[in-house]
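Topology and contacts: notes
Spelled out, the chains give:
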Amino acid sequence: VMNGAGGAAARALAALKRYFGYDSFRPGQEGLVGTIMSGRDVLGVMPTGAGKSVCYQIPAALLPGITIVISPLISLMRDQVDGLNDAGLNAAYINTTQDPDEQGMVLAQAAAGQVKLLYVAPERLETERFRQFAAHVPIALIAVDEAHCVSQWGQDFRSAYLGIGEFIASLPQRPTVAAFTATATERVRRDIVTLLGLRDPVVTVTGFDRPNLYFDVIRMENKHKAAWVAQYIAVHPQDSGIVYCSTRKETEALAESLNSTVLQLRAAAGEDAAQSEPIAVAYHGGMLADQRGRAQRDFVTDRVPVVVATNAFGMGIDKSNVRFVIHHNMPESIEAYYQEAGRAGRDGEPSRCTLLWNEGDIVTRRRLLDTDNGNERLNPEEREVVRMSRRRLLDGMIGYCRTTDCLHRYMTRYFGEPDDGRDARCGNCSNCQSTFETIDVTDIARAISMCVHDVNQGFGSGKIVAVLRGSRAQDVVSRGLDRCPTYGMLRDVPEARVRDVLSQMATDGFLFISEGRLPTVHFGARAGETRDEGFHYEIKRVERRHGNAAGHGGTSRR
Ligand code: ADP
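Residues numbered from 1 in each chain as written. Predicted model: local features only at pLDDT ≥ 70, side-chain atom pairs only at ≥ 80, totals over all residues.

Looking now at the overall build of the protein chain. When helices and strands are counted, the protein chain shows 19 helices and 17 strands. The C-alpha radius of gyration computed for the protein chain amounts to 27 Å, which stays within 12% of the reference 24 Å derived for 558 residues, consistent with globular compactness. Referenced to the eigenvectors of the C-alpha coordinate spread, the extents of the protein chain come out at roughly 85 × 65 × 50 Å. Counting all 558 residues of the protein chain, 42% fall into the buried class. Partitioning the intrachain contacts of the protein chain with sequence separation of at least 6 by distance along the chain shows that 74% fall at a separation of at least 24. (Helix = DSSP H or I, 4+ residues; strand = E, 2+ residues; numbered from the N terminus. Rg over C-alpha atoms; globule rule 2.2 N^0.38 Å. Buried ≥ 20, exposed ≤ 12 C-beta atoms within 10 Å, placed from the backbone. Contact = placed C-beta atoms within 7 Å.)

Here is the structure:
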């Protein structure tokens, strides 16, 4: 057995070298390849760019028979297939860009055993012609890329993915099935296993930690952000970076202001500011294609060091020396943040990912969730499901902003990657560098908890704060809330502080804020803990580090 496994591992490594020119596997790849080779189903959870493709391409090369790769993105098929053929692996695709004759030719070649990897979109599996084909060729492996598209709980549900399980079941002989995704949500992972009909799969979560990235979370009022970003760029003149904004308008305004302020800052620092080259260029989906193309080229070729972009920027952009990614606002999910921030430091060099946020982002994001009607083909019930799952994703993002835990660990835990007992403190994030102070808010948290009890979990956070602070507002008095035992209990605590503690308690599971147009505050799963004698609660002190972008702990280039 030892010998067999060793032999398979050696063969896999040889194939990695021969076809892809790499000397070693990345974390997780070897295990996934080995498991697939042994005939067992897998669910590989890896971030985008971690190298999922070779995990099924190597088995495809080594196993007898054909591998069918199901991929949602027709536009990427050609490039992938061309790359494989250049590497000496026979690959082909069938999609709607081809006419029926062309499609027939590809199928004939594949049936004649001349194709090792066949790329198709999920819709293809429903066609009679393809079913006929599949029933008559030896299929070694079915690889499902972007497998989360099968789940309605995911962000990119695609109904044709629902047909994959049935397609597999209809085959005369069941091939091994390997599914891949970058999603963290437990619910989505479960859907992948059941809906694709994976059999006792080995689930591997790997590759999420990016040790060369310095993660940094700064809470900051909107009005200070532009100056902070300008200052950061001014003191890192050599660095290439991306600033993500949430709206098109913001990207243009910020790029324009950066182009003037950064030069002024450099001039003030006595540097040669005579250069006329722009420092920042905007990029968003509303720009004309050639404008966008130019912006992208200028950035990728280092003619312009900084791109200020919406999340439309990044797909398919391969720039390895991005030294910083700054988020001007809080994104909608950790998945989105991780993907965007992860564009920093692809070359493995120290790089920095900074998230600027404030409570207003949470309000905006929640409002967007409530008003977004989403996919029109969904019925109201399904929409509600999507909204709830998005809400949960947002909570994960809010948790990242508020946590005092190591940010690297927060991230890997979020994605469910086992953390081999590493030291809890990475030393390479703003939390581990303790660039914040904490405030003991145990008493405030207890008071909030009691007040939620007083009002029978029947009011929103605004009322709770008003009661605790002894407000004389009419709707407090008229409802008799001024007779609550906790009325006025936090009279001497600033309102913003009470609000902060309340929101963090919701993030941490002590409270639960119901959804809908009139959200009310309820007890969360951990509510009981606030009554424990040893209960202790802290929040981060609001950082006042704006305008001090130079002093940024152990970051970038050393
Ligand atoms: P994913 O599908 O997970 O987004 P890809 O499969 O496209 O990622 O791989 C991302 C990049 O990493 C590709 O350029 C790929 O060639 C490269 N890559 C994959 N495996 C390795 C490896 N073992 N060593 C070096 N580079 C690798």
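A few words on the site of the ligand. In the region of the ligand, the neighbouring residues are Tyr22, Phe25, Arg26, Gln29, Met46, Thr48, Gly49, Ala50, Gly51, Lys52, Ser53 and Val54. Of the residues in the shell around the ligand, the class split is five nonpolar, five polar and two charged. (Near = placed C-beta within 6 Å. Nonpolar A, V, L, I, M, F, W, Y, C, P; charged D, E, K, R; others polar.)

Turning our eyes to something else, we now look at the sheet that holds strand β13 (residues 351-357). Spatial strand order, β8-β13-β12-β9-β11-β10: six strands in an open sheet with parallel pairing. The strands lining the two open edges of the sheet, one partner per strand, are β8 (213-219) and β10 (280-283). For this sheet the average axis-to-axis angle between neighbouring strands, irrespective of direction, equals 15°. Bridging between strand β9 (residues 240-244) and strand β12 (residues 322-327) involves five bridges; their strand directions are parallel. The partner of Ser240 across the bridge, within β12, is Val322. Running over the sheet, helix α11 (residues 289-300) touches β10 and β11 (306-309) and is turned about 140° from β10. (Pairing = 2+ DSSP bridges. Axes fitted to C-alpha atoms, helices over the stretch in contact; angles between N-to-C directions.)

Counting residues in each nonpolar core, the largest one holds 127 residues, and the members touching the most others are Leu118, Val144, Ala179, Leu258, Val307 and Val308. Listed in part, the 27 residues of the second largest apolar core include Met489, Val501, Ala506 and Ile539. (Core = buried A, V, L, I, M, F, W, Y, C linked by C-beta atoms within 7 Å.)

Within the secondary structure, Thr185 sits in the loop between β6 (176-181) and α8 (186-195). For Thr185 and Arg210, which are 25 residues apart along the polypeptide, the C-alpha to C-alpha distance reads 20 Å. Excluding residues within four positions of it along the chain, Thr185 makes contact with Trp153 and Ser389.

With that settled, the discussion passes to the packing of helix α2 (residues 29-37) against helix α3 (residues 53-62). Relative orientation of the contacting elements α2 and α3 amounts to 40°, with a least axis distance of 9 Å. The orientation of α2 relative to α3 falls into the category oblique. Crossing hand, α2 versus α3: right-handed. Only Val54, Cys55, Tyr56, Ile58, Pro59 and Leu62 of α3 make contact with α2, whose side of the interface consists of Gln29, Leu32, Val33, Ile36 and Met37. Classifying every residue of the contact of α2 with α3 gives 10 nonpolar, one polar and no charged. (Parallel < 35°, antiparallel > 145°, perpendicular 65-115°, else oblique. Left-handed = near helix turned anticlockwise from the far one by under 90°.)

This brings us to the sheet that holds strand β7 (residues 202-205). Taken in spatial order, the seven strands make up an open sheet running β3-β4-β2-β5-β6-β1-β7, and their pairing is parallel. Here the strands that pair on one side only, and so sit at the sheet edges, are β3 (91-94) and β7. Neighbour to neighbour, the strand axes of the sheet diverge by 20° on average, direction disregarded. Note that strand β1 (residues 42-45) and β6 share four bridges and pair parallel. Bridge pairing in β6 places Val42 opposite Ala178. Each of β1, β5 (139-144), β6 and β7 is contacted by α2, which is oriented at about 165° to β1, the strand it contacts most.

All right, on to unusual backbone geometry then. In this structure, Asp302 is a non-glycine residue whose phi angle is positive, near 65°. Of note, Asp302 is situated in the loop between α11 and β11. For Asp302, a count of 11 C-beta atoms within 10 Å puts it in the exposed group. Of note in the backbone geometry, Gln457 takes a positive phi value of approximately 55° without being a glycine. Within the secondary structure, Gln457 is located in the loop between α16 (442-454) and α17 (461-468). Judged by C-beta crowding, with 16 C-beta atoms within 10 Å, Gln457 ranks as partly exposed.

On to the pairing of β12. Where burial is concerned, most of β12 is hidden: six out of the six residues are buried. Judged from the four bridges that link them, β12 and β13 form a sheet pairing that is parallel. Residue Val325 lies in a different strand from β13, and its bridge partner there is Cys353. Handedness of the crossover joining β12 and β13 through helix α12 (residues 334-341) is recorded here as right-handed. (Right-handed = clockwise from strand over helix to strand, strands pointing away.)

Here we take up α11. Here α11 spans 16 Å end to end across 12 residues, near enough to the 16 Å set by a 1.5 Å rise per residue. Note on α11: the residue one or two positions beyond its end, Asp302, has a positive phi of about 65°. (Expected span 1.5 Å × (residues − 1).)

Working note: regular strand, side chains alternate between the two faces of the sheet. Residues of β1 alternate between two faces, with Val42 and Gly44 on one and Leu43 and Val45 on the opposite face, all of them buried. Both β1 and β7 contribute to a ladder of four bridges, which runs parallel. Note on β7: the bridge partner recorded for Val45 is Val205.

Across the protein chain, the average pLDDT comes to 89, with 92% of residues at or above 70. Considering only residues more than four positions removed or in separate chains, one finds that residues 544-558, a stretch of pLDDT under 50, has 31 contacts. Interface confidence in the predicted complex, given as ipTM, is 0.98; pTM for the same model is 0.77. (pLDDT = per-residue confidence, 0-100.)

Moving on to the environment of Met450. Relative to the helices and strands, Met450 resides in helix α16. Judged by the 16 C-beta atoms lying within 10 Å of it, Met450 is partly exposed. A sequence separation of 34 residues divides Met450 from Cys484, and the C-alpha atoms of the two residues are 9.8 Å apart.

Within the fold, Ile164 resides in helix α7 (residues 162-170). Ile164 sits in the buried class, given 23 other C-beta atoms within 10 Å. For Ile164 and Gly197, which are 33 residues apart along the polypeptide, the C-alpha to C-alpha distance reads 8.7 Å. With residues up to four places along the chain from it excluded, the contact list for Ile164 reads Ile70, Pro122, Leu125, Val144, Val150 and Leu196.

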